[in-house]
Amino acid sequence: MTVTVLFVAFMLLSAALALVDWRRGWPLALLVGVLADPARKLTPGTPVAMSLSIIAVYLVIIFSAQKTLQTHAREFSRRFSNLFGGLTVVLFFLFLAAVNGLFTFGLEGWKAPALGLFLYCAPVPAVILGYAYLQREEQIYGLFRFYAIVTSIAMIGTPLEYFNLPWRALGTVALSEGNYRMLTGLTIRLLSGFYRAPDIMGLHAAILTMISLIMMLRSSSFRTAWIWMLVTGWGFLNCLLSGRRKAIYMIVVFLAAFLWRYFRRLSAVHVISFVALGLLTMFVIGRVSGDEQSSAYTQGAATTQDEIYSRLEGGLSGTVEQSGIMGSGLGTATQGAYHVLNESGVARLGWQEGGLGKLAAELGVPGLIAVALLGAAMLRTMLKISAHPDVPGSTQLTRAALFGIVVANVVEFMASAQAYSDAVLTLLAAFFVGCLFATASLDERLAEATAAESSALPRPLTSPVTP
């Protein structure tokens, strides 16, 4: 209980600080989200509510930043009016899906569609938060450093679990006998470390790898670049040990998207860094493959084209056949909905894991089309932003890096929507979307800040001083 009391105290302290300064509260909210999983596993009964602790701090941040959010939401809607219109259509289909969910579960099962509606709507303010948060480019790199430090420390739990350290804070929550993935002639022990599930740990490891790679490319000298190179290797090692191939392929998608937008800008230093990083990656894979016990992780990372297609398809065709054109309503494919339903309600839950299948099951085909149109409009806008060259206060490296992170998260959602039941991953992905759109106006914000500073400087007297 001591751990639980300390965690709750830290959560309340974070909420109090967020109430005073929401920008400082955002990193604390992420830290609360990371600490929630080991604290939950050390609490008797492993209460599910602890995994949602970040939501409490997040709501305080929204309350504290409400005036800023209103101002920047209006600015966002003016600057990106095509996205605002598409979002309105999606919200309309969300309302229809919520009503459909009430028909599916009945009035006694209202909590499931309500939970689904909340999970769909909660990331929207996080987008505006990211848009408002990024006033100077250095702020995003400060957040990257904070996240890299916290996650690198949290990843220590993965090798501890691998070496069978007996501690309740390690391993998949509520599974005392281990978590295994069975393949033909291969058994892979899935590792969670301090996180509550292998999928969650693997995605955090992938984000750590991507962020460290960005910081490595941004480093002005090898003295700092080699540190980030080691952190990148540490993140990739944890991706392997998670036993989830999707974490590794998330990094591949990020690299493809980033290089697509930034390949022509790569310098000789960047190329050397990539080569050195490639050698480090080969060393990590070689070390893991060379051990009889750990070699299962590299063997299990292999996949086929058919497997990739089935993952990205996400059970869409089977969902339409089973649930029809309009789907089954909100809550039917929501991870964790079984916690708020009785036995008859649980029997109505779907099986969808992929994002397209989840959207078709809950929003129906019309809702899925609306989301796809909004996604296409966002992609067109992000392509324009990420292609823009360096301007005062903003570099193409930052825009291309954020573009790669966002695209990697979208593809990951298509492959495994259930992983985004984790509030930290969902809110962080939405926050990065807002940051990417904010880079389109950083030069204007810099000019406004410079003008404000110059106007605040004391001006020389224009007339002589008389006694």
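Check the secondary structure of the chain and you find 21 helices and 2 strands. Seen along its three principal axes, the alpha-carbon backbone of the chain occupies a region of about 90 × 55 × 50 Å. Taking contacts inside the chain between residues at least 6 apart in sequence as the whole, the part at least 24 apart equals 80%. Total accessible area computed for the chain in this model is approximately 22100 Å², and 68% of it derives from carbon and sulfur atoms. Computing the positive centroid from 32 side-chain charges and the negative centroid from 25, the chain places the two 7 Å apart.

Next up on the list: the pattern of salt bridges. In the structure shown here, the tally under the stated rule is 11 salt bridges. For Asp390, the salt bridge goes to Arg265, with nearest N and O atoms at 3.0 Å. With Asp390 in the loop between α18 (355-387) and α19 (396-415) and Arg265 in the loop between α12 (245-262) and α13 (268-290), this residue pair connects regions lying 125 residues apart in the sequence. Residue Arg265 is classed as partly exposed on the basis of its relative accessible area, which comes to 34%. The network of salt bridges with common partners includes Asp37, Arg196 and Asp422.

Here we come to a nonpolar patch on the surface. Residues Ile149, Ile153, Ile156, Leu160, Leu165 and Trp167 make up a contiguous nonpolar surface patch of roughly 550 Å² in combined accessible area. Here Trp167 shows up in the loop between α9 (157-162) and β1 (180-183). Among the residues examined, Trp167 registers a relative accessible area of 42% and is labelled partly exposed.

Contact pair helix α4 (residues 66-79) / helix α7 (residues 123-133): the axes reach a minimum separation of 9 Å and the direction vectors enclose 90°. Between α4 and α7, the angle falls in the class roughly perpendicular. Side by side, α4 and α7 meet where Thr68, Leu69, His72, Ala73, Glu75, Phe76 and Arg79 of the first sit next to Pro125, Ile128, Leu129, Tyr131 and Ala132 of the second. Looking at the contact of α4 with α7 residue by residue, the class counts come to 8 nonpolar, 2 polar and 2 charged.

A word on the confidence of the model for the chain. This prediction gives the chain a mean pLDDT of 86; 91% of its residues lie at or above 70. Ranking the elements of the chain by mean pLDDT puts helix α15 (residues 305-313) last with 67 and helix α8 (residues 137-154) first with 95.

Turning our attention to the nonpolar core. Ranked by size, the top nonpolar core spans 112 residues in total, and within it Trp26, Leu129, Ile140, Phe144, Phe432 and Phe437 carry the most contacts. Judged by nonpolar contacts, the second largest core, of 9 residues, contains Ala98, Leu330, Leu363 and Leu368.

This part covers α8. Residue pairs spaced three or four apart in an α-helix point in one direction, given the helix's 3.6 residues per turn. The terminal C-alpha atoms of α8, which comprises 18 residues, lie 26 Å apart, in line with the 26 Å expected from a rise of 1.5 Å per residue. Every buried residue of α8 is listed here: Glu137, Gln139, Ile140, Tyr141, Leu143, Phe144, Tyr147, Ala148, Val150, Thr151, Ser152 and Ala154.

Mapped onto the elements, Leu87 comes out in helix α5 (residues 81-105). Look past the residues within four positions of Leu87 in its chain and what remains in contact with it is Val124 and Leu374.

Within the fold, Arg399 resides in helix α19. Asp390 is the oppositely charged side chain nearest to the buried, salt-bridge-free Arg399, at an N-O distance of 4.6 Å. Reaching out from Arg399, the side chain makes a polar contact with the backbone oxygen of Pro389 at a distance of 2.5 Å. Sequence-distant contacts of Arg399, that is, excluding residues within four places in its chain, are made with Ile385, Ser386, His388, Pro389, Asp390, Val391, Ser394, Leu436 and Thr439.

Before going further, it helps to spend a moment on the packing of aromatic side chains. Both the distance between ring centres and the angle between the ring planes are used here to describe each pair of aromatic rings. Using the criterion set out here, one finds 18 aromatic pairs in the structure. Geometrically, the ring pair formed by Phe76 and Tyr131 is edge-to-face, given 5.2 Å between the ring centres and 90° between the ring planes. With a gap of 55 residues between them, Phe76 in helix α4 and Tyr131 in helix α7 connect regions that are remote in the sequence. Look at Phe76 and you get buried, because its relative accessible area is 9%. Joined through ring pairs, the aromatic side chains of Trp22, Trp26, Tyr133, Tyr141, Phe144, Phe431 and Phe432 make up one cluster. Looking at Arg261, its charged tip hangs above the ring of Trp260, at a distance of 4.8 Å from the centre. The ring of Tyr131 carries Arg445 above its face, with NZ or CZ at 4.7 Å from the centroid.

Residue placement: Arg445 occurs in helix α21 (residues 442-456). The exposure class assigned to Arg445 is buried, which follows from its relative accessible area of 7%. Looking at Arg445, its side chain comes within polar contact range of the main-chain oxygen of Tyr131, at 2.8 Å.

Our focus in this paragraph is the packing of helix α1 (residues 2-20) against helix α3 (residues 53-64). Axes are the key here: two packed helices are described by the angle between their axes and the distance separating the axes. Closest axis-to-axis distance for the α1/α3 pair is 8 Å, and the angle between their directions is 15°. Between α1 and α3, the angle falls in the class roughly parallel. Crossing hand, α1 versus α3: right-handed. Counted together, Phe7, Met11, Ser14, Ala15, Ala18 and Leu19 of α1 and Ser53, Ala56, Val57, Val60, Ile61, Phe63 and Ser64 of α3 form the full contact between these two elements. Split by residue class, the contact of α1 with α3 holds 10 nonpolar, 3 polar and no charged.

Taking 1.5 Å of rise per residue, the 25 residues of α5 would be expected to cover 36 Å, and the 36 Å separating its terminal C-alpha atoms lies within 8% of that figure. Along α5, the positions that sit buried rather than exposed are Leu83, Gly86, Val90, Phe93, Leu94, Ala97, Ala98, Gly101 and Phe105. Backbone geometry just downstream of α5 places Gly106 in the positive-phi region, at approximately 85°.

Parameters and conventions
- Per chain, the residues get numbers from 1 upward, laid out in the order the sequence is written.
- In keeping with the predicted nature of the model, local features appear solely for residues at pLDDT of at least 70, side-chain atom pairs appear and are counted solely at 80 or more, and the whole-chain, interface and lining totals rest on all residues.
- Where side-chain values are given, they derive from all heavy atoms of the structure, hydrogens and water being excluded.
- A helix here means a DSSP run of H or I that spans at least four residues, while a strand means a run of E at least two residues long, and both kinds are numbered starting from the N terminus.
- Contact criterion: two residues are considered in contact whenever any of their non-hydrogen atoms come within 4.5 Å of each other.
- Here the open area of atoms and residues is found with the Shrake-Rupley method and a 1.4 Å probe, where only the protein chains shown may cover a residue.
- For the purpose of charge, His is not counted, nor are the chain termini; Lys and Arg are scored as positive and Asp and Glu as negative.
- To locate a charge, take NZ of a lysine, CZ of an arginine, CG of an aspartate or CD of a glutamate.
- Whenever a carboxyl oxygen of Asp or Glu lies within 4 Å of a side-chain nitrogen of Lys or Arg, that contact is scored as a salt bridge.
- When accessible area is computed with a 1.4 Å probe and restricted to protein chains, residues below 20% of their type maximum are described as buried, those above 50% as exposed, and intermediate ones as partly exposed.
- Surface patches are drawn from residues lacking salt bridges whose relative accessible area is over 30%; two like charges belong together within 9 Å, two nonpolar side chains (Val, Leu, Ile, Met, Phe, Trp, Tyr) within 5 Å.
- Whenever a helix is involved, its axis is fitted only over the stretch in contact; in every case the axis is a line through C-alpha atoms, and angles between N-to-C directions fall within 0 to 180 degrees.
- The scheme is simple: roughly parallel for angles under 35 degrees, roughly antiparallel for over 145, roughly perpendicular for 65 to 115, oblique for anything else.
- Classification convention: Asp, Glu, Lys, Arg as charged; Ala, Val, Leu, Ile, Met, Phe, Trp, Tyr, Cys, Pro as nonpolar; all other residues, Gly among them, as polar.
- What pLDDT expresses is the predictor's confidence in each residue, scored from 0 to 100.
- As used in this record, nonpolar core signifies buried Ala, Val, Leu, Ile, Met, Phe, Trp, Tyr and Cys residues forming a set joined through side-chain atoms within 4.5 Å.
- Here the expected length of a helix is defined as 1.5 Å per residue gap, with one fewer gap than residues.
- Under this definition, polar contacts are N or O atom pairs within 3.5 Å; protein pairs additionally need one hydrogen-donor-capable and one acceptor-capable atom, and for neighbouring residues in sequence, both atoms have to be side-chain atoms.
- Only Phe, Tyr and Trp rings are paired, with Trp represented by its six-membered ring, and only when their centres lie within 6.5 Å; those with planes under 30 degrees apart are stacked, over 60 edge-to-face, the remainder tilted.
- Two limits define a charge over a ring: the Lys NZ or Arg CZ must be within 6 Å of the ring centre, and within 35 degrees of the ring normal.
- Here is the rule for handedness: rotate from the far helix to the near one, and if that takes an anticlockwise turn smaller than a right angle the crossing is left-handed, while a clockwise turn gives right-handed.

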